[in-house]
Amino acid sequence: MKIQSISLRRYVAPLFALAVVATATLVTAREPFTKDELKAMDDKLTQSAKRGYDMWYGARADMSSNGLACANCHPDAAATNPQTFPKYMPQADRVMAYREMVNWCIENPQAGKALDVSSVDMVALESYSYYLHRGVAIQTGLQTRQTAGPEPKSARGLNVKGTGIGFDK
Ligand code: HEC
């Protein structure tokens, strides 16, 4: 009798708790995404990357007071290394996120006005650069060889031709 009550407490109670969690998970689980839904999501990303591409190659007046655009120094997102962020950046003497480095370049080499870090514009610049670095291993904090990035296959999927210059290899 005593043994039974111990095993009841030990095993049945946790099992019951597990069943409750499992049921809750089942109830909240949804059907897998359909092909159409997946395509719609992918299209949104492509739209964002395209917006980023336009900003990357065109010097927008608010982002640049000297006519320089990202592509002047980072054609095809070369040497932007999104896969290495966050990492320590000497100019700020702290660990910086990718988007902070984007703003650093807007404010310094481009002498422009920093973007709101959570704006659609910042996300678009990130989308474009990350898009071209798909499949590259994440090496957060990498300091050495920081300009040795991938060889992006130009603007894959964006229906634009790569410049063919500025590759890191
Ligand atoms: C006039 C040239 C120039 C322009 C224009 C420029 N950058 Fe840069 N960018 C640099 C230089 C130089 C560095 C290296 C700075 C350092 O490591 O301290 C750099 C570094 C970066 C990095 C960090 C790369 C790494 O691995 O540390 C990112 C991200 C970046 N730029 C994004 C951009 C974006 C986005 C734009 C456009 C909004 C832009 N840059 C415009 C010259 C430029």
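Above this text is the structure in question.
Our subject in this report is the structure included herewith. (Residues numbered from 1 in each chain as written. Predicted model: local features only at pLDDT ≥ 70, side-chain atom pairs only at ≥ 80, totals over all residues.)

### Describing the nonpolar core
Of all hydrophobic cores here, the largest spans 17 residues; its most connected members are Trp56, Leu125 and Tyr128. Here the element with the most residues in this core is helix H5 (residues 120-132); it accounts for six residues. (Core = buried A, V, L, I, M, F, W, Y, C linked by C-beta atoms within 7 Å. Buried ≥ 20, exposed ≤ 12 C-beta atoms within 10 Å, placed from the backbone. Helix = DSSP H or I, 4+ residues; strand = E, 2+ residues; numbered from the N terminus.)

### Some thoughts on helix H4 (residues 98-107)
All of the buried residues along H4 are Arg99, Val102, Asn103 and Ile106. Seen along its axis, H4 keeps its buried residues to an arc of 95°; they face one direction. Next to the buried residues of H4 lie H5. (Arc of directions from axis to C-beta. Contact = placed C-beta atoms within 7 Å.)

### Remarks on the site of the ligand
Lining the immediate environment of the ligand, one finds 20 residues, of which Cys70, Cys73, Asn81, Cys105 and Pro109 sit closest. If you list the elements that add at least two residues to the shell around the ligand, you get helix H3 (70-73) and H4. Element by element, the count of residues in the shell around the ligand is highest for H4, at five residues. When grouped by side-chain class, the residues that make up the shell around the ligand number twelve nonpolar, eight polar and no charged. (Near = placed C-beta within 6 Å. Nonpolar A, V, L, I, M, F, W, Y, C, P; charged D, E, K, R; others polar.)

### A look at the packing of helix H2 (residues 35-57) against H5
Packing of H2 against H5 leaves a shortest axis separation of 7 Å and a crossing angle of 95°. The angle between H2 and H5 falls in the class roughly perpendicular. For the pair H2 and H5, the contacting residues are Leu45, Ser48, Ala49, Arg51, Gly52, Tyr53, Met55 and Trp56 in the first and Asp121, Val123, Ala124, Leu125, Ser127, Tyr128 and Tyr131 in the second. Split into classes, the residues belonging to the contact of H2 with H5 amount to ten nonpolar, three polar and two charged. (Axes fitted to C-alpha atoms, helices over the stretch in contact; angles between N-to-C directions. Parallel < 35°, antiparallel > 145°, perpendicular 65-115°, else oblique.)

### Points about H2
Taking 1.5 Å as the rise per residue, H2 with 23 residues should run 33 Å; its terminal C-alpha atoms sit 32 Å apart, in good agreement. For H2, every residue scored as buried is listed here: Ala49, Gly52, Tyr53, Met55 and Trp56. Buried residues in H2 make contact with H3 and H5. (Expected span 1.5 Å × (residues − 1).)

### Some words on unusual backbone geometry
Here the amide bond leading from phenylalanine 85 into proline 86 is cis, since omega sits at -5°, within 30 degrees of zero. Examined against the element boundaries, proline 86 turns out to sit in the loop between H3 and strand S1 (87-89). At aspartate 76, a residue that is not glycine, the phi angle is positive and equals roughly 55°. Note that aspartate 76 resides in the loop between H3 and S1. Of note, the phi angle at alanine 79 is positive, near 60°, even though the residue is not glycine. Tracing the chain through its elements places alanine 79 in the loop between H3 and S1.

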